[in-house]
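Structural overview
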Amino acid sequence: MAFWSGEELAQHLPGLIDGFNVKNLDCASYRLSVGDQVFATSDKFSSSAPSAALVSVLKDPPDNLLRIRPGQFAFLMTLESVRVPNYALALISIRAGYKFKGLINVSGFHVDPGWDGKLLFSVYNAGPADVIVERGEPMFLIVYADLDRDSAKTYNGASQRQVDIKASLLANMTEQVFSPLMLQRHLADLEKRTNDFAIKLDGTMSLIRATLGALITVVGLILTVLGLFATLAPGWFGATLAKTLEAAGYEIRQKAPDSSTEDSAKKQRTVEELKNAGSAPAPMDTSTKGGEQRKLASKPAGEKNSAEPTSAKGKSHPEDSAHKNQ
Ligand SMILES: Nc1ccn([C@H]2C[C@H](O)[C@@H](COP(=O)(O)OP(=O)(O)OP(=O)(O)O)O2)c(=O)n1
């Protein structure tokens, strides 16, 4: 088995590759180009409408580009149809320039003897940036090799003479793909939002603390001033408080005096009156011997005192005379 040289390729490929162009001959390989049938997965939910196109058909500029985002998978069909004779085997690859961007060739690497049709590459963007694919771009490589004999068995599978991307291939490919980069962006976004929220929360807490502090100070000052007024001017304070309460719709009533307190107050008054009466100058009792004076207990007006002499002017009473005679 020997790989075909550039000269061998130049000799045989015009009959094996549709639209052969000598410019696409590399050293010992041929460059195949991106065709118009392409498909890329997405990190967004795609439309589930039956009419929604699954495969993108690249056209002339500006509709000639496909963007493969990091972590996304794509199908790329070649522009050229390729044939492999039964005495040869072909190997396919992606050009190094795309590999360096992080694009990986996921699909197989060989083309069977007897193959006839376009080739379909499946690729994965493992790089950090979008990979832009352009229609007609010479992106793939194919090399041919001789077999040691003609192959008795040649390719006759379902993909023979394929010219487009089959819908069956795209089953389960239209869903959202959680690429590592997408998850990383989600995490970064989440982290940023959490930080923003924490900063806002800090600000709000500081504001609440400052407001509460000011409120407590003001309330403390008011209470101190009220305490001072209550101590230094209790009358004024009580009246103002009553007025304030009345203005606020409260009714202020004076408390009924306690009955026991009232009784004791009455008793106290009586004692005081008696004392006052006792300290007033008492009338002189001229009937007693030796001019001895006696104080008389006060009596209600009109009531005679039993100790009072019947005549203040020295008229003697019959009983008095009897006493004297004894
Ligand atoms: N990137 C690739 C790799 C291969 N092929 C074509 C050329 C191969 O001859 C053919 C079949 O390849 P395999 O035998 O590797 O794959 P299967 O056996 O799965 O395919 P099939 O069921 O069609 O035989 O597919 C292709 O179009 N694109």
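On a predicted model such as this, the values are computed, not experimentally measured, just so you know.

1. Some words on the packing of helix H3 (residues 180-232) against helix H4 (residues 234-247)
- Close contact between H3 and H4 brings their axes to 5 Å; oriented N to C, the two are set at 120 degrees. Here H3 is positioned oblique relative to H4, judged by the angle of their axes. Contacts between H3 and H4 pair Leu226, Phe229, Ala230, Thr231 and Leu232 from the former with Pro234, Trp236 and Phe237 from the latter.
- A breakdown of the residues in the contact of H3 with H4 according to their chemical character gives 7 nonpolar, 1 polar and no charged.

2. Some thoughts on the site of the ligand
- Looking at the ligand, the residues that line it are Ile92, Ser107, Gly108, His110, Val111, Asp112, Trp115, Leu119, Leu120, Tyr155, Ser159 and Gln162.
- Between an oxygen atom of the ligand and a side-chain N or O atom of glutamine 162, the distance comes to 3.3 Å.
- Within the complex, 63% of the 580 Å² of free accessible area of the ligand lies under protein.
- Taken together, the elements giving at least two residues each to the shell around the ligand come down to strand S7 (110-111) and strand S8 (116-125).

3. Overview of a nonpolar patch on the surface
- Side chains of Phe197, Leu201, Met205, Ile208, Leu212, Leu215, Ile216, Val218, Val219, Ile222, Leu223 and Leu226 sit close together on the surface and give an oily, nonpolar patch of about 1100 Å² of accessible area.
- Following the sequence through the fold, leucine 215 ends up in helix H3.

4. Looking at the pattern of salt bridges
- Scanning all chains against the criterion turns up 11 salt bridges.
- Salt-bridge contacts for aspartate 148 lead to arginine 149; the nearest nitrogen and oxygen are separated by 3.8 Å. Across the pair, arginine 149 and aspartate 148 agree in class, each one exposed.
- Notably, a salt bridge pairs aspartate 196 with lysine 192, separated by 3.1 Å at the nearest N-O pair. Remark: lysine 192 and aspartate 196 occur in helix H3; sequence separation between them is 4 residues, near one turn of the helix.
- A cluster of three or more residues bridged by salt bridges with shared partners is formed by Asp18, Arg83, Asp116 and Arg161.

The rules behind the values
Residues numbered from 1 in each chain as written. Predicted model: local features only at pLDDT ≥ 70, side-chain atom pairs only at ≥ 80, totals over all residues. Heavy atoms only, no water. Axes fitted to C-alpha atoms, helices over the stretch in contact; angles between N-to-C directions. Helix = DSSP H or I, 4+ residues; strand = E, 2+ residues; numbered from the N terminus. Parallel < 35°, antiparallel > 145°, perpendicular 65-115°, else oblique. Contact = heavy atoms within 4.5 Å. Nonpolar A, V, L, I, M, F, W, Y, C, P; charged D, E, K, R; others polar. Near = heavy atom within 4 Å. Polar contact = N/O pair within 3.5 Å; in protein donor to acceptor, adjacent residues only side chain to side chain. Areas by Shrake-Rupley, 256 points an atom, 1.4 Å probe, with all protein chains shown as cover. Patch = residues over 30% accessible without salt bridge, like charges linked within 9 Å, V, L, I, M, F, W, Y side chains within 5 Å. Salt bridge = Lys/Arg side-chain N within 4 Å of Asp/Glu carboxyl O. Buried < 20%, exposed > 50% of the residue type's maximum accessible area, 1.4 Å probe, protein only.

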